[in-house]
Amino acid sequence: MDINPIDSVEAKPSRLNAAVAISVALVSTVMGICKVKDDNIVQAMQQAQADKIDHWAYYQARNLREEVAKSTLVQLRLQAAAAKPEQKTAYDMAIASYEKLAADQAQKKDDLRKQAESDQQTYDALNYRDDQFDLADAAFAIAIALLAIASLTQQWGLFLVAMFPSAFGVAMGVAGLAGLKLHPGWLAQLLS
């Protein structure tokens, strides 16, 4: 009869392993919720960036149209000065038309500039929240790694150390979800 040494050892439930398992489950749950919101914010950031690029492109097109209208105005005014009196009315009408066109393009160009600047502000506000979720994600990854080592080494000290990045991750995740003004800029700058 063969004796299996594993059968003869009674496994004692480890309180540390239970604490690690519960902590990993909680941290992973919060991390998952934050990840969904972060992905939505990243999509909104991409849209704001695309809108900004489009608005600046339209701004440049309006700028070209305005400059063409202004140069045409100069040509028409020079030609009107040398024109015969019976042609003055036609030139005056063309000049008025191009003055209106140049003013219209200048106004539309200014509106597009404001929209592009607004898009940048939207992007920056979203990036602020994205930084919060990125910091939470990094803290959760560190916490889970520390919890795994604590479980393997059966050291409560490592478990307690893992609670610091866990708490920081939860704080940053809640700040991101709730739109709170909690943002360690120096840390976000260091990691970006």
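Preceding block: the structure.
A brief report on the enclosed structure follows. Because the structure is predicted, anything quoted here is derived from the model rather than measured. (Residues numbered from 1 in each chain as written. Predicted model: local features only at pLDDT ≥ 70, side-chain atom pairs only at ≥ 80, totals over all residues. Heavy atoms only, no water.)

Description of helix H4 (residues 156-178)
Here is step 1 of the chain: With 23 residues, H4 extends 32 Å from end C-alpha to end C-alpha; this agrees with the ideal 33 Å at 1.5 Å per step.
Here is step 2 of the chain: If you check which residues of H4 are buried, you get Phe159, Ala162, Pro165, Ser166, Gly169, Met172, Gly173, Ala175 and Gly176.
Here is step 3 of the chain: Its buried side turned inward, H4 meets helix H2 (15-82) and helix H3 (88-153).
Here is step 4 of the chain: Positive backbone phi, approximately 70°, marks Gly179, located one or two places after H4. (Helix = DSSP H or I, 4+ residues; strand = E, 2+ residues; numbered from the N terminus. Expected span 1.5 Å × (residues − 1). Buried < 20%, exposed > 50% of the residue type's maximum accessible area, 1.4 Å probe, protein only. Contact = heavy atoms within 4.5 Å.)

Here's the deal with the environment of Glu117
Here is step 1 of the chain: By the secondary structure assignment, Glu117 is in helix H3.
Here is step 2 of the chain: For Glu117, a relative accessible area of 36% corresponds to the partly exposed category.
Here is step 3 of the chain: Residues Glu117 and Trp56 lie 61 residues apart in sequence; the distance between their C-alpha atoms is 9.1 Å.

Structural notes on the packing of aromatic side chains
Here is step 1 of the chain: The full count for this structure, using the stated rule, is two aromatic pairs.
Here is step 2 of the chain: Ring centres of Trp156 and Phe159 lie 5.5 Å apart, and the angle between their planes is 80°; on these two criteria the pair is classed as edge-to-face. Placement of both Trp156 and Phe159 in helix H4 is noted, with a separation of three residues, approximately one turn of the helix.
Here is step 3 of the chain: Residue classification places Trp156 among the partly exposed positions, given a relative accessible area of 43%.
Here is step 4 of the chain: Its guanidinium or amino end placed over the ring of Tyr128, Lys181 lies 5.3 Å from that ring's centre, counting from NZ or CZ. (Phe/Tyr/Trp six-rings, centres within 6.5 Å; stacked < 30°, edge-to-face > 60°. Lys NZ or Arg CZ within 6 Å of the ring centre and 35° of its normal.)

Quick look at the pattern of salt bridges
If the charged atoms of two oppositely charged side chains come close together, the side chains can form a pair.
Here is step 1 of the chain: Counted under the stated rule, the structure contains eight salt bridges.
Here is step 2 of the chain: For Lys35, the salt bridge goes to Asp39, with nearest N and O atoms at 3.3 Å. Highlighted residues: Lys35 and Asp39, both in helix H2, separated by four residues, approximately one helical turn.
Here is step 3 of the chain: On the accessibility criterion, Lys35 (41% relative accessible area) is partly exposed.
Here is step 4 of the chain: Between Lys70 and Glu66 there is a salt bridge whose closest N-O contact spans 3.2 Å. With Lys70 and Glu66 both in helix H2 and four residues apart, the pair spans about one turn of that helix.
Here is step 5 of the chain: Assessed through its relative accessible area of 39%, Lys70 is described here as partly exposed.
Here is step 6 of the chain: Overall, the relative accessible area of 5% leaves Glu66 in the buried class. (Salt bridge = Lys/Arg side-chain N within 4 Å of Asp/Glu carboxyl O.)

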